[in-house]
Amino acid sequence: MDLATTIQNIERSSSALTTQSLTRMDERLTWFRDLPAEQRSMVTLVAQAGVRQFLEWLRHGGEDLGSSDMVFEAAPVELARAISLQHTVALIQVVIDVVEEQVPQLAADGEEDQLRESVLRFSREIAFASARVYARAAETRGAWDARLQAMLVDSLLRGDNPDELISRAAALGWSETQTITIVCGATPGGEATLVLHSVQRAARRLGLDILAGVHGARLVLLLGGVKEPVEIVEKLTGQFGDGPIVVGPTVTGLAEASSSALAAVAGHRAAPAWTDAPRPVTATQLLPERAIAGDEAARQGLREGVFMTLRRAGGELLETMDAFIASGGVLEGTARELYVHPNTVRYRLRRIQEVTGFSPTDPHEAFVLRVGLTIGRLENSPSTRRSRS
């Protein structure tokens, strides 16, 4: 393909082609007119580079030699961040239309068809090049987001300064004015960036505000502004690997999020002790398993939420719970032990559930109550207080 004369014509007209293309963009594309001056100049550089690389491409007989990718070297990542891929395609279309209109003036005698075909072939190469630029930008952004989210999860688990947490979350577009629930489960495996991409895609389908991080073998989610977190997590179980999924307590803002994160991770560590645990399960449901595994926060939660709560509610509730445990959970046996009517026992058991949140008639919740009473009595015994002093 010898287009020497045509190439010379295009060289002489390159500035005019760039100017006409920019004028046409102003006329056709309303969003282009609204771009800041810096971004408009960026497009100008790319348009000029496009004409130069088209000439180089023609000189090499239509062999790509990587020239199409070089069009975007003037502003690779910056352009991808400022202008969407859809808008980039529209810009390319405008430039192609302008060049095609000028083919009769640019082409030497008998070379019009060759030039028109060359324009179409080069425009295809440019389209592929722009797709590659956006793909690289997306990969870079995805990898950076994955690192930021992993750092945020690490900060939550370390209990870092709330201002630092807020700063890192803001870099990820997170709004601070909402409740937060932390969820912990096994990662499904694979590259962290792909795991987080899958989570975010599922979140968009459900209309959720989510941050996520891969922390070792665990996947940790931050759910924002969710009223029924367990129900939401049930719709996200496919994002986790096998094993338990633990939902931490809902807190207000990132300043309190570390407590939810620590509870969720401690619950995930202790969850295998409850073989029939639901999936997902709350960190509160796992209080006894967490306490036995050495979680001090769970021990204090049981002491305050069970033992101290029952003691403050009145001696008959604590007495009834002891008798119910001693009778093996038999209502009539508890009534005989206390010399009261079975209906009185029923009433007191309902009151125990009301004040503690745990039902004595549910097998696992009865276990929660029993461990809570045990811990409370141990920590309030004279020998324990003396050893601490």
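It should be emphasised that the depicted structure is a prediction, and the values quoted were computed from it without experimental measurement.

Across the interface, helix α15 (residues 315-326) lies against helix α16 (residues 331-338) with an axial gap of 8 Å and an inter-helix angle of 125°. Between α15 and α16, the angle is such that the two are oblique. Considering how the two elements wind past one another, α15 and α16 form a crossing that is right-handed. Contacts between α15 and α16 involve E319, T320, A323 and F324 from the first element and L331, T334, E337 and L338 from the second. For the contact of α15 with α16, the residue count by class is four nonpolar, two polar and two charged.

The first and last C-alpha atoms of helix α18 (residues 363-379) sit 25 Å apart over 17 residues, in line with the 24 Å expected at 1.5 Å per residue. For α18, the full list of buried residues reads H364, A366, V368, L369, V371, G372, L373, I375, G376 and E379. Two or three places before H364, at the start of α18, stands the capping residue D362, its side-chain oxygen 3.1 Å from that residue's backbone nitrogen.

With that settled, the discussion passes to the nonpolar core. In this structure, L302, V306, L310, M321, I352 and L373 are the most contacted members of the largest nonpolar core, which totals 23 residues. Those elements that provide at least two residues to this core are α13 (287-292), α14 (296-313), α15, α16, α17 (342-356) and α18. When residues in this core are grouped by element, the largest group, six residues, is from α14. Beyond its immediate sequence surroundings of up to four residues, I352 is in contact with L310, L317, M321, G357, F358, P360 and L369.

Right, let's talk about the side chain of R24 for a bit. Structurally, R24 can be placed in helix α1 (residues 4-28). Overall, R24 belongs to the buried group, its relative accessible area being 18%.

Bringing helix α3 (residues 37-59) into the picture now. With 23 residues, α3 should reach 33 Å at 1.5 Å per residue; the first-to-last C-alpha distance of 33 Å fits that figure. Among the residues of α3, M42, V43, V46, A47, A49, G50, V51, Q53, F54, L55, W57 and L58 are the ones counted as buried. Looking one or two places after α3, you find G61, whose phi comes out positive at around 70°.

Cut-offs applied
- Residues numbered from 1 in each chain as written.
- Predicted model: local features only at pLDDT ≥ 70, side-chain atom pairs only at ≥ 80, totals over all residues.
- Heavy atoms only, no water.
- Axes fitted to C-alpha atoms, helices over the stretch in contact; angles between N-to-C directions.
- Helix = DSSP H or I, 4+ residues; strand = E, 2+ residues; numbered from the N terminus.
- Parallel < 35°, antiparallel > 145°, perpendicular 65-115°, else oblique.
- Left-handed = near helix turned anticlockwise from the far one by under 90°.
- Contact = heavy atoms within 4.5 Å.
- Nonpolar A, V, L, I, M, F, W, Y, C, P; charged D, E, K, R; others polar.
- Expected span 1.5 Å × (residues − 1).
- Buried < 20%, exposed > 50% of the residue type's maximum accessible area, 1.4 Å probe, protein only.
- Polar contact = N/O pair within 3.5 Å; in protein donor to acceptor, adjacent residues only side chain to side chain.
- Core = buried A, V, L, I, M, F, W, Y, C linked by side-chain atoms within 4.5 Å.

Coordinates in, geometry out; function isn't part of it.
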